[in-house]
Amino acid sequence: MRIARSTLLLPLLYSSCPAGAAEREAVFVSPRAAGRGDTYVAAFDSNEATRFNPATLAESKSTFQLRFLQFDAVLGQNSFDTISDLMKLSSVDDGLGFLRSFDDKFGKRQYLRGQLSTLAMRIKYFEFQLFGSNASWLELRDPTTPQAEFESDTFAGAQFSLAMPLAPTLSLGATFRPLYRMYIRGQMSFTDIVEFAPPSETKFEDYAPLQSGLGYGGDLGLIWRPTPALRLGLTIQNIGDTAFENSDKTKVPPKLESVVSSGGLYRLKYGAWDLDLSAEMHDLMNRQGLNLTRLLHMGAELGRSFYSKDHDIGVTTGIREGYLTAGAFVDAWAFRFDISNYAVELGETPGQRMDRRWAATLQSTMSF
């Protein structure tokens, strides 16, 4: 009976619209920052720093810079395990080995995220970039009647950032972000799947309607450097909440809530190597009422520069929402590669529902 149930649910698991739950929706995720505990508020300028704190752009030492095809990918450990199980099917004559282990998939989130920036350009303290992203997840549950909950969140737009030094130790930056959002979220029980069998006229939209709309968002960032080694930062992301518009009011996607975060970074020098120690509090307003331990982020990055203003090689570690994070990166001049492993808490307090993930970035840069 369980094998038959699993067989019917298997196509749903890999449908084109898997997806999300109670973690905060975000336009961008940074694999590098995720490796150091998801700390970014007071980070030094880098190729992606303006996505999170536009004030870092005032520290840019590039007269002109082009970046082509930055791709970021995040794969949940549960999704990785499921893909591994599917690849082993060739070694199981009848596939029953996978189906017998399918019960392990219930109650676990299958998560996948992709981000693509086709072009980014810097001219002194101004930066423009085009981007697109999709975050999707699905959870199978096994109550009296098996069911699946899923979400898919897609963004496409452009980002304009401008920064200025207000004083030798103080920088202010702002971002304007027009973007289009397509959002799907729904829930489907085992019995609902039968409704799609011919000659039924049931559509997927009946269970998960597509919500879409155009929105305009903005960020503010501040960096204060009281000493050469100490940096303090403040960010306001999605100022006033980013709302979306659609002529059909019943199909407007949810707002992106405003998030205020603060933190600091201290740099220690060990010869040619730098050790950056960060501590930050994210979402100071905490409108979701999360446990405060989930808002505390701490991280460390050990790296050194060979030919650029940023660290060209290094390792990262940290604590995010009570879980350890780790990562590494290398910049080979024409291409840069970052990889990290981190966890997200899906429950109310750390240790309740951990979802561990792998993240990677591949990007190319041309600076003058």
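Here, the structure is the one placed above.
Thresholds, definitions, all that
- Throughout, residues of each chain are indexed from 1 in the direction in which the sequence is written.
- Totals for whole chains, interfaces and linings use all residues, but because this is a predicted model, local features are given only for residues with pLDDT of at least 70 and pairs of side-chain atoms are given and counted only at 80 or more.
- Side-chain metrics in this entry use all non-hydrogen atoms of the structure; hydrogen atoms and water are not considered.
- Numbered from the N terminus, helices here are DSSP runs of H or I no shorter than four residues, and strands are runs of E no shorter than two.
- Residue burial considers only the protein chains on display, and all accessible areas are found by Shrake-Rupley using a 1.4 Å probe.
- Burial classes: relative accessible area under 20% of the type maximum marks a residue as buried, over 50% as exposed, and values in between as partly exposed (1.4 Å probe, protein chains only).
- This arc describes the spread of directions from the helix axis toward the C-beta atoms.
- In the cavity and pocket records, a cavity denotes points on a 1 Å grid over the protein atoms alone where a 1.4 Å probe fits but cannot get out, a pocket denotes an open set with protein on both sides within 12 Å along at least 5 of 7 lines, and lining residues are residues with an atom within 4 Å of a point.
- Grid points are joined across faces, edges and corners, and a volume is the space filled by probe spheres set on the points.
- For this scheme, ten residues count as nonpolar: Ala, Val, Leu, Ile, Met, Phe, Trp, Tyr, Cys and Pro. Four count as charged, namely Asp, Glu, Lys and Arg, and the remainder, Gly too, count as polar.
- Strand pairing is assigned whenever DSSP identifies at least 2 bridges connecting the two strands.
- Put simply, two rings from Phe, Tyr or Trp (the six-membered ring, in Trp's case) pair if the centres are within 6.5 Å, and we call them stacked under 30 degrees between planes, edge-to-face over 60, tilted for the rest.
- Note on contacts: a residue pair qualifies if any of its non-hydrogen atoms lie within 4.5 Å across the two residues.
- As used here, the term nonpolar core means buried Ala, Val, Leu, Ile, Met, Phe, Trp, Tyr and Cys residues forming a set that is joined through side-chain atoms within 4.5 Å.
- Think of a salt bridge as a Lys or Arg side-chain nitrogen and an Asp or Glu carboxyl oxygen that are within 4 Å of each other.

For the protein chain, the helix and strand inventory stands at five helices and 15 strands. Accessible area of the protein chain: about 17100 Å², with a carbon and sulfur share of 65%.

Right, let's get into helix H3 (residues 77-87). Turning to H3, its buried residues are Asn78, Ser79 and Thr82. Buried residues of H3, viewed axially, fall in a sector of 100°; they line one side.

Moving on, we come to empty space enclosed by the protein. Per the stated rule, a full pass over the model turns up one cavity of 30 Å³ or more. If you go around the largest cavity, you meet 40 residues; those closest to its centre are Arg24, Glu25, Ala26, Asp38 and Arg320. Here the residues of the lining of the largest cavity are counted per class, giving 16 nonpolar, eight polar and 16 charged.

Moving on, we get to the pairing of strand E6 (residues 211-224). Relative to E6, strand E5 (residues 170-189) runs antiparallel, the two sharing 14 bridges. Paired with Pro178 across the strands is Tyr216, a residue of E6. Of the pairings in the sheet, the one linking E6 to strand E8 (residues 244-245) comprises two bridges and is antiparallel in character. By the bridge assignment, Leu214 is partnered in E8 with Glu245. With five bridges joining them, E6 and strand E7 (residues 230-237) adopt antiparallel strand pairing. Residue pairing for E7: Trp224 is matched across the bridge by Leu232. Here E6 hands over to E7 after five residues, the two strands then running antiparallel side by side.

Of the pockets and cavities examined, the second largest pocket occupies roughly 380 Å³. Around the second largest pocket, the lining is made up of 22 residues, and of these Phe44, Asp45, Ser46, Lys309 and Asp310 lie nearest the centre. At the level of elements, helix H2 (31-35) and strand E9 (259-270) are the ones that each hand at least two residues to the lining of the second largest pocket. The class makeup of the residues in the lining of the second largest pocket is seven nonpolar, three polar and twelve charged.

Residues other than glycine predominantly adopt negative phi, and peptide bonds predominantly adopt the trans conformation. In this structure, Leu69 is a non-glycine residue whose phi angle is positive, near 50°. The residue Leu69 is located in strand E1 (residues 64-76) in this model.

A few words now on the packing of aromatic side chains. Aromatic ring pairs are described here by two measures, namely the spacing of the ring centres and the angle between the planes. One pass over the structure, following the stated rule, counts five aromatic pairs. Note on Phe128 and Phe160: the rings are 5.1 Å apart at their centroids and 40° apart in plane angle, and the pair reads as tilted. Here the residue Phe128 occupies a position in strand E3 (residues 126-141), and Phe160 occupies one in strand E4 (residues 147-167), the gap between them amounting to 32 residues. Classification of Phe128 by relative accessible area gives buried; the value is 18%.

What follows is about the environment of Gly213. In this fold, Gly213 is placed in strand E6. Note: C-alpha distance between Gly213 and Pro253 (40 residues apart in sequence) is 6.6 Å. In this view, Gly213 contacts Leu179, Tyr180, Arg181, Phe244, Glu245 and Pro253; residues no more than four positions away in its chain are not counted.

Next up on the list: the environment of Phe244. With respect to the secondary-structure elements, Phe244 resides in strand E8. Between the C-alpha atom of Phe244 and that of Tyr180, which follows or precedes it by 64 residues, the distance is 8.0 Å. Setting aside chain neighbours within four positions, we find Phe244 in contact with Phe155, Leu179, Arg181, Gly213, Leu214, Gly215, Val252, Pro253, Pro254 and Leu256.

Moving on, we get to the nonpolar core. Nonpolar side chains tend toward joint burial in soluble globular proteins. Within the largest apolar cluster, eleven residues are counted, these being Val27, Phe28, Ala33, Tyr40, Val41, Phe52, Phe131, Phe155, Leu179, Phe244 and Leu256. Excluding anything up to four places from it in sequence, Val27 contacts Arg113, Gln115, Phe131, Ser133, Phe155, Arg177, Leu179 and Leu256. One finds Ala34, Tyr111, Tyr342 and Val344 within the second-largest nonpolar core, a separate group that totals ten residues.

In this section: the pattern of salt bridges. For the structure shown, the criterion picks out 28 salt bridges. Of the charged contacts in the structure, one is a salt bridge between Arg225 and Glu59, with a shortest N-O distance of 3.2 Å. In this pair, Arg225 sits in the loop between E6 and E7 while Glu59 sits in the loop between H2 and E1, placing the two residues 166 residues apart along the sequence. Judged by relative accessible area, Arg225 falls into the buried class, the value being 19%. The class of Glu59 is buried, set by a relative accessible area of 18%. Among the salt bridges present, the one from Glu139 reaches Arg109, with a minimum N-O distance of 2.8 Å. Placement of the pair is Glu139 in strand E3 and Arg109 in strand E2 (residues 109-123), with a sequence separation of 30 residues. On the basis of relative accessible area, Arg109 is assigned to the buried category, the value being 1%. Salt bridges here are not isolated pairs; linked through shared partners, they connect Arg32, Arg36, Glu301, Asp310, Asp331, Arg336 and Asp338.

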